[in-house]
Amino acid sequence: MTEVAQKKVASALAPLQLSGEHHLCPGCGHPVAWRILLEAISELGLEQRAIGVVGHGCYTNIVQLADIDFLQCLHGRAPAVATGVKRVHPDAAVFTLQGDGDVASEGLAEVLHTAARAERITTIMLNNGVFGDTGGQMTAASVVGQRTKTSLDGRDAETHGHPVPVAELVAALAGSAYVARGSVNNAGSIAKSKRYLKRALELSAAGAGFTFVEILTMCPTGWFLPTAEGPGYLEGTFEQTYPLGVLKDGPR
Ligand SMILES: Cc1ncc(C[n+]2csc(CCOP(=O)(O)OP(=O)(O)O)c2C)c(N)n1
Ligand code: SF4
Ligand SMILES: [Mg+2]
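Residues numbered from 1 in each chain as written. Chains lettered and ligands numbered in written order. Predicted model: local features only at pLDDT ≥ 70, side-chain atom pairs only at ≥ 80, totals over all residues. Heavy atoms only, no water.

Participant: Would you take a moment to explain the packing of helix H2 (residues 30-43) against helix H9 (residues 187-205) for this structure?
Facilitator: Helix packing geometry: the angle between the two helix axes and the distance between the axes. Running from N to C, H2 and H9 point in directions that differ by 45°, and their axes come no closer than 9 Å. Taken together, the axes of H2 and H9 are oblique relative to one another. Crossing geometry of H2 relative to H9 is assigned as right-handed. The segment H2 lies against H9, with Val-32, Ile-36, Leu-37, Glu-39, Ala-40, Ile-41 and Glu-43 engaging Ile-190, Ser-193, Lys-194, Leu-197, Lys-198 and Leu-201. Tallied by class, the residues present in the contact of H2 with H9 amount to eight nonpolar, one polar and four charged. (Axes fitted to C-alpha atoms, helices over the stretch in contact; angles between N-to-C directions. Helix = DSSP H or I, 4+ residues; strand = E, 2+ residues; numbered from the N terminus. Parallel < 35°, antiparallel > 145°, perpendicular 65-115°, else oblique. Left-handed = near helix turned anticlockwise from the far one by under 90°. Contact = heavy atoms within 4.5 Å. Nonpolar A, V, L, I, M, F, W, Y, C, P; charged D, E, K, R; others polar.)

Participant: Teacher, can you tell me more about the coordination of the magnesium ion (ligand 3) here?
Facilitator: Note on metal geometry: ideal angles are 109.5 degrees for four donors arranged tetrahedrally and 90 or 180 degrees for six donors arranged octahedrally. The magnesium ion (ligand 3) binds to the protein through Asp-100 (OD), Asn-128 (OD1) and Val-130 (O); the donor distances cover 2.2 Å. The sequence pattern formed by the donor residues of the magnesium ion (ligand 3) is D-x27-N-x1-V. (Donors = N, O, S within 2.8 Å, 3.2 Å for Na, K, Ca; no water.)

Participant: Would you explain the packing of helix H4 (residues 78-88) against helix H6 (residues 108-116) in this entry?
Facilitator: At a minimum axis distance of 7 Å, the contact between H4 and H6 shows a crossing angle of 40°. By the angle class used here, H4 and H6 are oblique. Facing Pro-79, Ala-80 and Thr-83 of H4, the residues of H6 in contact are Glu-110, Val-111 and Thr-114. Its residues assigned to classes, the contact of H4 with H6 comprises three nonpolar, two polar and one charged.

Participant: Can you help me understand the site of ligand 1 in this one?
Facilitator: Near ligand 1, the surroundings consist of 17 residues, among which His-30, Cys-58, Gly-101, Asp-102 and Asp-133 are the closest. Take His-30: an N or O atom from its side chain is 2.8 Å from an oxygen atom of ligand 1. The side chain of Asn-128 places a nitrogen or oxygen atom 3.2 Å from an oxygen atom of ligand 1. Relative to its free-state accessible area of 590 Å², ligand 1 is covered by the protein chains to the extent of 74%. Here the shell around ligand 1 gets four residues from one element, more than from any other, and that element is helix H5 (residues 100-106). Taken together, the residues of the shell around ligand 1 break down into four nonpolar, nine polar and four charged. (Near = heavy atom within 4 Å. Polar contact = N/O pair within 3.5 Å; in protein donor to acceptor, adjacent residues only side chain to side chain. Areas by Shrake-Rupley, 256 points an atom, 1.4 Å probe, with all protein chains shown as cover.)

Participant: How should the sheet that holds strand S8 (residues 210-216) be read in this particular structure?
Facilitator: Backbone-to-backbone hydrogen bonds pair the strands of a sheet. The strands run either parallel or antiparallel. One open sheet holds the seven strands; their spatial order is S2-S1-S3-S4-S8-S7-S9, and the pairing between them is mixed. Each having just a single partner strand, strand S2 (69-72) and strand S9 (245-249) make up the two edges of the open sheet. Averaged over all adjacent pairs, the angle separating strand axes in this sheet is 15°, with direction ignored. Both strand S1 (residues 50-54) and S2 contribute to a ladder of four bridges, which runs parallel. Bridging across to S2, Val-53 finds its partner in Leu-71. Lying on the sheet, H4 is in contact with S1, S2, strand S3 (93-99) and strand S4 (122-127); it crosses S3 at an angle near 170°. (Pairing = 2+ DSSP bridges.)

Pasting the structure below:
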(Lines give C-alpha, C1' and ligand atoms only; values in the text may rest on other atoms or scores of the structure.)
(Ligands and ions follow the chains in the order given, each with its own letter.)
Protein backbone atom coordinates (compact mmCIF):
# COMPACT_ATOMS: atom_id res chain seq x y z
CA MET A 1 0.00 0.00 0.00
CA THR A 2 1.41 3.43 -0.89
CA GLU A 3 1.88 6.11 1.74
CA VAL A 4 -0.98 8.10 0.18
CA ALA A 5 -3.33 5.09 0.37
CA GLN A 6 -2.32 4.43 3.99
CA LYS A 7 -3.05 8.03 4.89
CA LYS A 8 -6.46 7.79 3.26
CA VAL A 9 -7.43 4.72 5.34
CA ALA A 10 -6.13 6.24 8.56
CA SER A 11 -7.76 9.62 8.08
CA ALA A 12 -11.19 8.38 6.91
CA LEU A 13 -13.66 8.28 9.79
CA ALA A 14 -15.31 4.93 10.51
CA PRO A 15 -19.11 4.82 10.63
CA LEU A 16 -20.34 6.16 13.99
CA GLN A 17 -16.94 7.78 14.59
CA LEU A 18 -17.46 11.44 15.48
CA SER A 19 -13.85 12.57 15.49
CA GLY A 20 -10.45 11.43 14.25
CA GLU A 21 -8.75 13.03 17.27
CA HIS A 22 -7.94 11.11 20.42
CA HIS A 23 -5.59 11.64 23.33
CA LEU A 24 -4.03 8.18 23.40
CA CYS A 25 -0.31 7.66 22.76
CA PRO A 26 1.12 7.20 19.26
CA GLY A 27 1.18 3.47 18.47
CA CYS A 28 -1.56 2.61 20.99
CA GLY A 29 -3.62 -0.34 19.76
CA HIS A 30 -6.90 0.73 21.36
CA PRO A 31 -8.05 3.14 18.62
CA VAL A 32 -7.70 0.36 16.03
CA ALA A 33 -9.94 -1.85 18.15
CA TRP A 34 -12.45 1.00 18.52
CA ARG A 35 -12.56 1.40 14.78
CA ILE A 36 -13.32 -2.23 13.98
CA LEU A 37 -15.90 -2.30 16.77
CA LEU A 38 -17.73 0.66 15.24
CA GLU A 39 -17.48 -0.88 11.78
CA ALA A 40 -18.89 -4.17 13.12
CA ILE A 41 -21.83 -2.46 14.82
CA SER A 42 -22.58 -0.48 11.70
CA GLU A 43 -22.29 -3.43 9.30
CA LEU A 44 -24.64 -5.48 11.49
CA GLY A 45 -27.16 -2.63 11.46
CA LEU A 46 -27.08 -2.40 15.26
CA GLU A 47 -26.51 1.38 15.46
CA GLN A 48 -29.89 2.08 17.04
CA ARG A 49 -29.86 -0.93 19.36
CA ALA A 50 -26.28 -0.79 20.63
CA ILE A 51 -25.60 0.22 24.24
CA GLY A 52 -22.00 0.06 25.46
CA VAL A 53 -20.90 -0.22 29.07
CA VAL A 54 -17.31 0.73 29.89
CA GLY A 55 -15.12 0.61 32.97
CA HIS A 56 -12.03 2.75 33.47
CA GLY A 57 -8.91 2.87 31.35
CA CYS A 58 -7.25 4.51 28.37
CA TYR A 59 -9.81 2.80 26.10
CA THR A 60 -12.74 4.67 27.68
CA ASN A 61 -11.93 7.71 25.52
CA ILE A 62 -14.20 5.99 22.95
CA VAL A 63 -17.27 7.36 24.71
CA GLN A 64 -16.39 10.87 23.48
CA LEU A 65 -15.65 9.77 19.94
CA ALA A 66 -18.45 7.39 19.03
CA ASP A 67 -22.08 8.09 18.21
CA ILE A 68 -23.35 5.29 20.45
CA ASP A 69 -25.01 5.31 23.88
CA PHE A 70 -22.51 4.47 26.62
CA LEU A 71 -22.62 4.07 30.38
CA GLN A 72 -19.52 4.18 32.51
CA CYS A 73 -19.46 2.21 35.73
CA LEU A 74 -17.12 1.25 38.56
CA HIS A 75 -13.87 -0.48 37.61
CA GLY A 76 -14.56 -4.14 36.78
CA ARG A 77 -18.31 -3.95 37.19
CA ALA A 78 -19.35 -3.52 33.55
CA PRO A 79 -20.73 -7.06 33.01
CA ALA A 80 -22.96 -6.70 36.08
CA VAL A 81 -24.22 -3.28 34.96
CA ALA A 82 -24.68 -4.56 31.39
CA THR A 83 -26.75 -7.43 32.77
CA GLY A 84 -29.16 -4.90 34.26
CA VAL A 85 -29.28 -2.86 31.07
CA LYS A 86 -30.04 -5.95 28.97
CA ARG A 87 -32.75 -7.19 31.31
CA VAL A 88 -34.46 -3.80 31.31
CA HIS A 89 -34.00 -3.35 27.56
CA PRO A 90 -34.14 -6.90 26.13
CA ASP A 91 -34.12 -5.63 22.54
CA ALA A 92 -30.91 -3.68 22.97
CA ALA A 93 -27.57 -5.02 21.68
CA VAL A 94 -25.58 -4.64 24.89
CA PHE A 95 -21.81 -4.95 25.05
CA THR A 96 -19.09 -4.11 27.54
CA LEU A 97 -15.75 -2.65 26.54
CA GLN A 98 -13.08 -3.21 29.18
CA GLY A 99 -9.33 -3.44 29.69
CA ASP A 100 -7.36 -6.37 31.04
CA GLY A 101 -6.94 -4.57 34.35
CA ASP A 102 -10.68 -4.02 34.41
CA VAL A 103 -11.60 -7.63 33.58
CA ALA A 104 -8.76 -9.84 34.81
CA SER A 105 -7.70 -7.91 37.92
CA GLU A 106 -10.64 -5.86 39.17
CA GLY A 107 -13.67 -7.65 37.78
CA LEU A 108 -12.96 -11.33 37.24
CA ALA A 109 -15.97 -12.40 39.32
CA GLU A 110 -18.33 -10.18 37.30
CA VAL A 111 -17.34 -11.54 33.91
CA LEU A 112 -17.33 -15.19 35.01
CA HIS A 113 -20.72 -15.00 36.70
CA THR A 114 -22.19 -13.10 33.77
CA ALA A 115 -20.92 -15.80 31.41
CA ALA A 116 -22.21 -18.56 33.70
CA ARG A 117 -25.66 -16.94 33.70
CA ALA A 118 -25.58 -16.89 29.88
CA GLU A 119 -26.52 -13.22 29.84
CA ARG A 120 -27.20 -12.18 26.26
CA ILE A 121 -24.43 -9.59 26.10
CA THR A 122 -20.94 -9.36 24.59
CA THR A 123 -17.84 -8.55 26.61
CA ILE A 124 -14.86 -7.15 24.71
CA MET A 125 -11.58 -7.17 26.62
CA LEU A 126 -8.72 -5.06 25.27
CA ASN A 127 -5.65 -6.80 26.65
CA ASN A 128 -2.39 -4.82 26.72
CA GLY A 129 -1.10 -6.47 29.88
CA VAL A 130 -0.95 -3.26 31.92
CA PHE A 131 -3.06 -0.80 33.85
CA GLY A 132 -2.26 1.68 31.08
CA ASP A 133 -4.27 4.63 32.31
CA THR A 134 -2.67 4.76 35.75
CA GLY A 135 0.90 4.53 34.50
CA GLY A 136 1.56 0.96 33.42
CA GLN A 137 1.35 -1.26 36.49
CA MET A 138 1.23 -5.07 36.21
CA THR A 139 -2.21 -6.66 35.85
CA ALA A 140 -3.34 -10.24 36.31
CA ALA A 141 -2.99 -10.58 32.52
CA SER A 142 0.62 -9.35 32.24
CA VAL A 143 2.73 -12.10 30.70
CA VAL A 144 5.62 -13.81 32.46
CA GLY A 145 8.79 -11.82 31.86
CA GLN A 146 6.90 -8.62 31.04
CA ARG A 147 8.44 -5.44 32.44
CA THR A 148 5.87 -3.12 33.97
CA LYS A 149 6.11 -0.21 36.43
CA THR A 150 5.50 -2.68 39.26
CA SER A 151 7.58 -5.54 37.85
CA LEU A 152 10.65 -3.72 36.57
CA ASP A 153 12.66 -6.93 36.34
CA GLY A 154 9.85 -8.69 34.48
CA ARG A 155 6.83 -10.59 35.81
CA ASP A 156 8.09 -13.57 37.76
CA ALA A 157 5.53 -16.37 38.19
CA GLU A 158 6.93 -17.39 41.57
CA THR A 159 6.61 -13.91 43.04
CA HIS A 160 3.69 -12.44 41.07
CA GLY A 161 1.73 -15.49 40.03
CA HIS A 162 0.81 -16.72 36.57
CA PRO A 163 -1.23 -14.74 34.00
CA VAL A 164 -4.99 -15.31 34.15
CA PRO A 165 -6.31 -16.48 30.74
CA VAL A 166 -9.80 -14.97 30.92
CA ALA A 167 -10.92 -16.19 27.49
CA GLU A 168 -10.13 -19.81 28.35
CA LEU A 169 -11.98 -19.50 31.67
CA VAL A 170 -15.04 -18.02 29.98
CA ALA A 171 -14.95 -20.71 27.27
CA ALA A 172 -15.09 -23.41 29.94
CA LEU A 173 -18.44 -22.14 31.22
CA ALA A 174 -21.62 -23.62 29.77
CA GLY A 175 -23.27 -20.18 29.54
CA SER A 176 -20.81 -18.82 26.99
CA ALA A 177 -21.88 -19.19 23.37
CA TYR A 178 -18.84 -17.77 21.59
CA VAL A 179 -15.29 -16.94 22.66
CA ALA A 180 -12.46 -15.66 20.45
CA ARG A 181 -9.13 -13.92 20.80
CA GLY A 182 -7.73 -11.57 18.19
CA SER A 183 -5.14 -8.82 17.97
CA VAL A 184 -4.54 -5.57 16.13
CA ASN A 185 -0.81 -5.73 15.37
CA ASN A 186 -1.11 -6.30 11.62
CA ALA A 187 -3.68 -5.98 8.84
CA GLY A 188 -4.60 -9.69 8.77
CA SER A 189 -5.17 -9.83 12.52
CA ILE A 190 -7.25 -6.67 12.44
CA ALA A 191 -9.52 -8.18 9.77
CA LYS A 192 -9.92 -11.40 11.79
CA SER A 193 -10.64 -9.49 15.00
CA LYS A 194 -13.39 -7.62 13.21
CA ARG A 195 -14.94 -10.91 12.11
CA TYR A 196 -14.82 -12.14 15.72
CA LEU A 197 -16.53 -8.97 16.92
CA LYS A 198 -19.26 -9.26 14.32
CA ARG A 199 -19.98 -12.88 15.18
CA ALA A 200 -20.00 -12.17 18.92
CA LEU A 201 -22.29 -9.14 18.65
CA GLU A 202 -24.61 -10.90 16.23
CA LEU A 203 -24.99 -13.96 18.46
CA SER A 204 -25.61 -12.09 21.71
CA ALA A 205 -28.05 -9.69 20.02
CA ALA A 206 -29.91 -12.73 18.65
CA GLY A 207 -30.21 -14.17 22.18
CA ALA A 208 -27.69 -17.03 21.84
CA GLY A 209 -26.02 -16.35 25.18
CA PHE A 210 -22.89 -14.67 26.49
CA THR A 211 -20.16 -13.93 23.97
CA PHE A 212 -16.59 -12.80 24.64
CA VAL A 213 -13.88 -11.35 22.43
CA GLU A 214 -10.41 -10.59 23.73
CA ILE A 215 -8.28 -8.31 21.57
CA LEU A 216 -4.56 -7.99 22.22
CA THR A 217 -3.59 -4.32 21.84
CA MET A 218 -0.24 -2.55 21.78
CA CYS A 219 0.80 -0.29 24.65
CA PRO A 220 4.30 0.89 23.69
CA THR A 221 4.31 3.39 26.56
CA GLY A 222 3.53 0.78 29.22
CA TRP A 223 5.92 -1.68 27.58
CA PHE A 224 8.85 0.83 27.65
CA LEU A 225 9.20 0.45 23.88
CA PRO A 226 9.67 2.76 20.88
CA THR A 227 6.31 3.09 19.12
CA ALA A 228 7.30 1.04 16.07
CA GLU A 229 8.32 -1.97 18.18
CA GLY A 230 4.87 -2.48 19.72
CA PRO A 231 3.42 -4.84 17.06
CA GLY A 232 6.50 -7.10 17.07
CA TYR A 233 6.60 -7.26 20.86
CA LEU A 234 2.92 -8.19 20.94
CA GLU A 235 3.53 -11.09 18.57
CA GLY A 236 6.69 -12.29 20.29
CA THR A 237 5.37 -12.21 23.86
CA PHE A 238 1.60 -11.85 24.23
CA GLU A 239 0.65 -14.20 21.41
CA GLN A 240 2.84 -16.89 22.96
CA THR A 241 0.81 -16.77 26.19
CA TYR A 242 -2.51 -15.96 24.56
CA PRO A 243 -2.97 -17.94 21.31
CA LEU A 244 -5.19 -16.28 18.74
CA GLY A 245 -8.31 -17.79 17.22
CA VAL A 246 -11.82 -18.96 17.99
CA LEU A 247 -11.91 -20.86 21.28
CA LYS A 248 -15.60 -21.72 21.19
CA ASP A 249 -18.46 -21.33 18.74
CA GLY A 250 -21.72 -22.76 20.03
CA PRO A 251 -22.75 -24.27 23.37
CA ARG A 252 -20.53 -26.95 24.88
C1 LIG B 1 -11.66 0.39 42.11
C2 LIG B 1 -10.67 1.19 41.32
N3 LIG B 1 -9.36 0.87 41.40
C4 LIG B 1 -8.46 1.57 40.67
C5 LIG B 1 -8.85 2.59 39.88
C6 LIG B 1 -7.82 3.39 39.08
N7 LIG B 1 -7.78 3.06 37.68
C8 LIG B 1 -8.40 3.83 36.76
S9 LIG B 1 -8.05 3.38 35.18
C10 LIG B 1 -7.06 2.12 35.74
C11 LIG B 1 -6.30 1.28 34.76
C12 LIG B 1 -7.16 0.45 33.87
O13 LIG B 1 -6.39 -0.52 33.21
P14 LIG B 1 -7.03 -1.40 32.09
O15 LIG B 1 -8.37 -1.83 32.49
O16 LIG B 1 -6.09 -2.48 31.73
O17 LIG B 1 -7.20 -0.38 30.86
P18 LIG B 1 -6.05 0.37 30.02
O19 LIG B 1 -5.82 1.69 30.71
O20 LIG B 1 -4.85 -0.48 30.01
O21 LIG B 1 -6.66 0.55 28.68
C22 LIG B 1 -7.03 2.06 37.13
C23 LIG B 1 -6.25 1.09 37.94
C24 LIG B 1 -10.23 2.90 39.80
N25 LIG B 1 -10.70 3.86 38.99
N26 LIG B 1 -11.12 2.19 40.54
S1 SF4 C 1 -0.58 4.25 28.08
FE2 SF4 C 1 -0.74 2.50 26.68
S3 SF4 C 1 -2.95 2.00 26.58
FE4 SF4 C 1 -2.74 4.09 27.42
S5 SF4 C 1 -2.89 5.45 25.64
FE6 SF4 C 1 -0.70 5.07 25.99
S7 SF4 C 1 -0.21 3.30 24.66
FE8 SF4 C 1 -2.46 3.37 24.87
MG1 LIG D 1 -4.73 -2.64 30.13
